[in-house]
Amino acid sequence: AEENLKKTGKIGELDELSQLHSIENERLQFEIKKLQDRLVDKEEEMVTLKEKHAKTVTIWEEKTEHIKKDITLKEEEILRLKAEFKLTLEEREGELKTNATR
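Since the structure is predicted, the reported quantities are computational estimates derived from the model, not experimental observations.

Asks: With reference to specific residues and values, describe the overall build of the chain.
Replies: Scanning the chain from N- to C-terminus turns up 1 helix and 0 strands. Taking 13 Å as the expected radius of gyration for a compact globule of 102 residues, we find that the chain reaches 43 Å, considerably beyond that expectation. Dimensions along the principal axes, computed over C-alpha positions, put the chain at roughly 150 × 15 × 10 Å. A total of 102 residues make up the chain; the buried ones form 0% of that total. Of the accessible surface of the chain, which amounts to about 10,100 Å², a share of 59% is contributed by carbon and sulfur atoms. The centroid of the 21 positive side-chain charges in the chain is displaced by 6 Å from the centroid of its 26 negative side-chain charges.

Asks: Mind laying out a nonpolar patch on the surface, listing which residues take part and the relevant values?
Replies: On the surface, Leu14, Leu17, Leu20 and Ile23 cluster together to form a nonpolar patch covering roughly 420 Å² of accessible area. Structurally, leucine 14 is set in helix α1 (residues 2-101). Judged by relative accessible area, leucine 14 falls into the exposed class, the value being 55%.

Asks: Describe the pattern of salt bridges, and please don't skip the residues or the numbers.
Replies: Enumeration according to the criterion identifies 6 salt bridges in this entry. The salt bridge involving arginine 27 is made with glutamate 24; its shortest N-O contact spans 2.8 Å. Placement of the pair is arginine 27 and glutamate 24 together in helix α1, with a separation of 3 residues, close to one helical turn. Here aspartate 37 ties to lysine 33 by a salt bridge, and the two come within 2.8 Å at their closest N and O atoms. Here the residue aspartate 37 and the residue lysine 33 both occupy positions in helix α1, the gap between them amounting to 4 residues, near one helical turn. Exposure remark for aspartate 37: the relative accessible area of 36% places this residue in the partly exposed category.

Quick notes on the rules
Residues numbered from 1 in each chain as written. Predicted model: local features only at pLDDT ≥ 70, side-chain atom pairs only at ≥ 80, totals over all residues. Heavy atoms only, no water. Helix = DSSP H or I, 4+ residues; strand = E, 2+ residues; numbered from the N terminus. Rg over C-alpha atoms; globule rule 2.2 N^0.38 Å. Buried < 20%, exposed > 50% of the residue type's maximum accessible area, 1.4 Å probe, protein only. Areas by Shrake-Rupley, 256 points an atom, 1.4 Å probe, with all protein chains shown as cover. Lys, Arg positive; Asp, Glu negative; His and termini not counted. Charge placed at Lys NZ, Arg CZ, Asp CG, Glu CD. Patch = residues over 30% accessible without salt bridge, like charges linked within 9 Å, V, L, I, M, F, W, Y side chains within 5 Å. Salt bridge = Lys/Arg side-chain N within 4 Å of Asp/Glu carboxyl O.

This is the structure:
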């Protein structure tokens, strides 16, 4: 009878440990689920940030190209104006020489 009580006590302990294990297991599964949900949220946030970053980079690349084109046009205009100025100077010098010899 005493041995049966010991066995019953051990079985009771095992049942109690099993229940505690089940509760702990459920708690851990719940924590894992929460962490997985947070991970999904962060991954979605990362995708959104990458898309925004890509759009920003594209906009800046377009602006940079536009500015480069503007610079090229201005450089061409400067070269044209320098050439015109040089021709005007040469014409004036020619007129001055002609006037000086008269």
